[in-house]
Amino acid sequence: MAETLTLAATHGARTDRAADPASPLAVRGLTVSYGDKPALFSVDATFPAGAMSAIVGPNGAGKSTFLKAALGLIPAVSGEVRVFGQGLAAARDRIAYVPQRASVDWDFPTTVIDVVLMGRYRRLGLFRRVSRAERAAATDALARVGMEGFADRQIGQLSGGQQQRVFLARALAQEADLYLLDEPFAGVDAATERAIIDVLKALKSQGQSVIAVHHDLSTVAEYFDHVFLVNVRAMGEGPVATAFTPEALARTYGGRLAATQLDQLRLTGA
Ligand SMILES: Nc1ncnc2c1ncn2[C@@H]1O[C@H](COP(=O)(O)OP(=O)(O)OP(=O)(O)O)[C@@H](O)[C@H]1O
């Protein structure tokens, strides 16, 4: 995408806020369309640094689109994206992305270690030989997600949860400052979910920023510090303690959130 479709002429104040260098990701007036239909409309969002942030909203709300537009993988109709106060071109190396598992071609013939080494290519350059140090960094990333024994396996032969861990290892190998994850817990068992959340919390404790699309509303308060609610438009954002309210959820999900789920969230203190 044209990463900074500057709206300064019409939205000068917004541009200043989006440029906040302390925020790992700030978007202003982001509109994205597939054909005529906007998937996101004039969305503003500012995520805090050194925190775990959740993006929540119903199916089709534009959550994946938000991450892809933030990464410049799909074009925006209008709006501005700032990463640590910079445009994407300057900040791209600071971002690691774990796509939705369903969007990846797992039949691609490649080994686990090669997938993780892809996370090092920005440092390596595509055609340089992989040094022992690079391989050690990739092996270390695999160990951090509990997959050290799988380095030489074909990626297509792994279970869904194992594939998710390998993609997380690839992101870790990038040594980024901002980690964007699209539904990292989708289809994984409880042990893998725990392993992934432990890795993400370790990143946060080292001062890195994590932003994840998340579907399980019952774990938002336990896992995340900050929440951004979206349904085509921005529906709310802020610390989980104050922004993740039944009212905000009702606004975001409309009739699609069952009353029982809202009751559960009240019981968990959200
Ligand atoms: N490549 C595409 N071409 C056309 N429409 C698309 C495309 N990708 C997404 N959409 C549409 O854009 C809207 C937002 O999709 P998106 O995948 O961003 O939603 P989401 O909130 O991530 O949904 P989910 O929770 O189901 O993963 C949906 O209406 C979807 O059908």
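Chains are numbered independently. Their residues run from 1 in the order of the written sequence. With pLDDT at 70 or above as the cut-off, local features in this predicted model cover only qualifying residues; side-chain atom pairs require 80 or more to be listed or tallied, and sums for whole chains, interfaces and linings still use all residues.

What about the packing of helix α7 (residues 160–173) against helix α8 (residues 190–205)?
Part 1 of the reasoning: A fitted line through C-alpha atoms serves as each axis, taken over the contacting stretch for helices, and the angle formed by two N-to-C directions is quoted from 0 to 180°. Put simply, DSSP H or I for four residues or longer makes a helix, DSSP E for two residues or longer makes a strand, and each gets a number counted from the N terminus. In contact at an axis separation of 10 Å, α7 and α8 are set at 10° when each is read in the N-to-C sense. Considering the angle they form, α7 stands roughly parallel to α8. Of α8, the residues touching α7 (which contributes Gly 161, Gln 164, Arg 165 and Leu 168) are Thr 192, Ala 195, Ile 196 and Val 199.
Part 2 of the reasoning: Throughout this entry, Asp, Glu, Lys and Arg are counted as charged residues, while Ala, Val, Leu, Ile, Met, Phe, Trp, Tyr, Cys and Pro are counted as nonpolar. The remaining residues, Gly among them, count as polar. Class assignment for the residues of the contact of α7 with α8 results in 4 nonpolar, 3 polar and 1 charged. Roughly parallel here means an angle under 35 degrees, roughly antiparallel means over 145, roughly perpendicular means 65 to 115, and every remaining angle is called oblique. By the convention adopted here, residues are in contact when the distance between their C-beta atoms, placed from the backbone, does not exceed 7 Å.

A look at the site of the ligand
Part 1 of the reasoning: Near the ligand you find Tyr 34, Ala 39, Gly 57, Asn 59, Gly 60, Ala 61, Gly 62, Lys 63, Ser 64 and Thr 65, and these make up its full shell.
Part 2 of the reasoning: Element by element, the count of residues in the shell around the ligand is highest for helix α2 (residues 63–71), at 3 residues. Being near a molecule or strand means, for a residue, that its C-beta atom, positioned from the backbone, comes within 6 Å of it.

Describing the confidence of the model for the chain
Part 1 of the reasoning: Here pLDDT means the predictor's own confidence in every residue, given as a number from 0 to 100. Mean pLDDT over the chain works out to 86, with 83% of the residues at or above the 70 mark.
Part 2 of the reasoning: Throughout residues 1–17 the model reports pLDDT below 50, and contacts reaching past four residues in sequence, or to other chains, amount to 32 contacts.
Part 3 of the reasoning: As scored by the predictor, the complex reaches a pTM of 0.88 and an ipTM of 0.98.

Some points on the nonpolar core
Part 1 of the reasoning: Core membership is restricted to buried Ala, Val, Leu, Ile, Met, Phe, Trp, Tyr and Cys residues, and these are joined into a nonpolar core through C-beta atoms within 7 Å. Comment: burial labels come from other C-beta atoms within 10 Å of the residue's own C-beta, placed from the backbone, where a count of 20 or more is buried, 12 or fewer is exposed, and between is partly exposed. With 72 residues, the main nonpolar core has Ile 55, Val 112, Val 116, Leu 168, Ala 169, Tyr 179 and Val 230 as its most contacted residues.
Part 2 of the reasoning: For Val 116, the contacting residues outside a window of four places in its chain are Ala 138, Ala 141, Leu 142, Val 166, Ala 169, Arg 170 and Ala 173.

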